[in-house]
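Structural overview for review
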Amino acid sequence: MNHTQLIALLQDWVESNEATMVADLDEMIRYGELRIYKAIDFAVTRLEDSPVSLVQGTAVVTLPTDTVTVRYVTVLSGTTRTVLSQKDPSFLDAYVGDRTTEGVLRYYARMDEADLLLAPAPPNSTDTLIIARTVRPAAMTASNPTTWLGTNHPELLMYSCLVEIATFQKLEADTVADYQAKFQTAMQGTLVEENHRNRFDRARHGEIGIDL
């Protein structure tokens, strides 16, 4: 389902072409997408970046601006990969005392929205850092009409948007509840599909979580 199809379908469902609602449909689609992405950890939202250069003695590394969460951090030294342990920034400061102290990289922490903190500081500029992150796919709009969510889970996207529209239009409580129930049913089905998509064998531990 693309942008044009979704817009038409939403208007048909709520039986309204009211100007203010139509003007705000793209924003409600964006909210509907965010509701889904915050509830299910889709594989499509996971990204492992290309290795980035480290600066000797510099413990702070800037994150890409589209980072939602950091999944793990790996140091690449030649062909050897070492996964760093995540800690609180206060632990890292207690561990090294001085952030310019160099040594074998062991820990990382999310300092703020923009930066990672490493400890100890990199002892050279030849090793590189690989950051695995969660990102948000680009929203469905007229200029970006086809998205992964619209292609793979169109019913989930539609019901999520309908919940937003029903709230915006202040529809009857039973109508809002009906849309919410349809959304939750679609979420459960999507969760099952994603768990099957990501299961490699019967010994796999840790199913994808959902928070409705």
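Refer to the structure presented above.
Keep in mind that what you see is a predicted model, and the values were worked out from it rather than measured.

Side note on the overall build of the protein
Scanning the protein from terminus to terminus reveals 7 helices and 9 strands. Taking 2.2 N^0.38 as the reference for a compact globule, 212 residues should give roughly 17 Å; the C-alpha atoms of the protein span a radius of gyration of 22 Å, well beyond that estimate. Projected onto its principal axes, the C-alpha positions of the protein cover 65 × 45 × 30 Å. Across the protein, every contact between residues at least 6 apart in sequence was considered, and the portion connecting residues at least 24 apart equals 68%. Accessible surface computed for the protein: about 11400 Å², of which carbon and sulfur atoms make up 51%.

Some remarks on the nonpolar core
With 28 residues, the main nonpolar core has Leu6 and Leu10 as its most contacted residues. Mapped onto this core, the elements with two or more residues apiece are α1 (3-14), α3 (25-39), α6 (154-169) and α7 (173-198). In terms of residues, this core owes the most to one element, α6, which gives 9 residues. Residues Leu54, Leu84, Leu116 and Leu118 belong to the second largest nonpolar core, which totals 13 residues.

About the thresholds
Residues numbered from 1 in each chain as written. Predicted model: local features only at pLDDT ≥ 70, side-chain atom pairs only at ≥ 80, totals over all residues. Heavy atoms only, no water. Helix = DSSP H or I, 4+ residues; strand = E, 2+ residues; numbered from the N terminus. Rg over C-alpha atoms; globule rule 2.2 N^0.38 Å. Contact = heavy atoms within 4.5 Å. Areas by Shrake-Rupley, 256 points an atom, 1.4 Å probe, with all protein chains shown as cover. Core = buried A, V, L, I, M, F, W, Y, C linked by side-chain atoms within 4.5 Å. Buried < 20%, exposed > 50% of the residue type's maximum accessible area, 1.4 Å probe, protein only.

No statement about biological role is implied by the geometric values presented.
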